[in-house]
Amino acid sequence: MKTFSLTIGTPDGLLFSGEVERVMCRSITGDLAILADHCNFCTALGMGGAYIRLEDGTQRDAACIGGMITMMDGKAHLLATTWEWEEDIDVERAKAAKERAEQRLADSSLSEKEAAIAQAKLNRALVRLSVKNQL
Ligand code: ATP
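Residues numbered from 1 in each chain as written. Predicted model: local features only at pLDDT ≥ 70, side-chain atom pairs only at ≥ 80, totals over all residues. Heavy atoms only, no water.

### Some details on unusual backbone geometry
Now for step 1: Although it is not a glycine, Asp37 adopts a positive phi angle of roughly 70°.
Now for step 2: Looking at where Asp37 falls in the secondary structure, it is placed in the loop between strand S3 (30–35) and strand S4 (41–54).
Now for step 3: Within the chain, Asp73 stands out as a residue other than glycine whose phi angle is a positive 50°.
Now for step 4: Assignment of secondary structure puts Asp73 in the loop between strand S5 (59–72) and strand S6 (75–85). (Helix = DSSP H or I, 4+ residues; strand = E, 2+ residues; numbered from the N terminus.)

Shown next, in the form of structure tokens:
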């Protein structure tokens, strides 16, 4: 299958650079798949699983929490706010974060802002657990 160049970075640095067959991730408007020869394109990313098919056909999964992806002249660049490869996700930590967020959301005296923060934490934990198939 035809490949294209992909870099993945966070504000902390470059996490991946290489040839890939496909990138699937969650944009702010829905799920997205990029293959070689995709037209020039740029979008903001939401929270979700990201699935990278490498040039040898193997797949690497990750939790991607926001950012942006561009495809320019056949090269893709994904800059994530937070990115964890599947093997680096700490399941117990994500379960604890989920529980804390659910307990917080059960408090009816939360302000709108506090509820939004707790909901965002819950969403991040759910993404991490879904990438680990722990939902
Ligand atoms: P927690 O309450 O456990 O800190 P969080 O959703 O508030 O969860 P973030 O603010 O999204 O955490 O992330 C802070 C840092 O911790 C980031 O570098 C992120 O990659 C890392 N991180 C958060 N949760 C996990 C996890 N379950 N496994 C591995 N790394 C994690």
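### Notes on helix H1 (residues 91–105)
Now for step 1: Spanning 15 residues, H1 covers 21 Å between terminal C-alpha atoms, matching the ideal 21 Å at 1.5 Å per step.
Now for step 2: Listed as buried for H1 are Val91, Ala94, Ala97 and Ala101. Each buried residue of H1 lies within a common arc of 125° when the element is viewed along its axis, so the set occupies one face. When the buried face of H1 is taken as reference, the exposed residues oriented beyond 90 degrees from it are Glu92, Arg100 and Gln103.
Now for step 3: Along its buried surface, H1 packs onto helix H2 (112–131). (Expected span 1.5 Å × (residues − 1). Buried < 20%, exposed > 50% of the residue type's maximum accessible area, 1.4 Å probe, protein only. Arc of directions from axis to C-beta. Contact = heavy atoms within 4.5 Å.)

### Regarding the side chain of Glu21
Now for step 1: Mapped onto the elements, Glu21 comes out in strand S2 (residues 13–27).
Now for step 2: Judged by relative accessible area, which is 8%, Glu21 ranks as buried.
Now for step 3: Sequence-distant contacts of Glu21, that is, excluding residues within four places in its chain, are made with Met1, Lys2, Thr3, Phe4, Ile34, Leu35, Ala36, Arg53, Leu54, Glu55 and Gly57.

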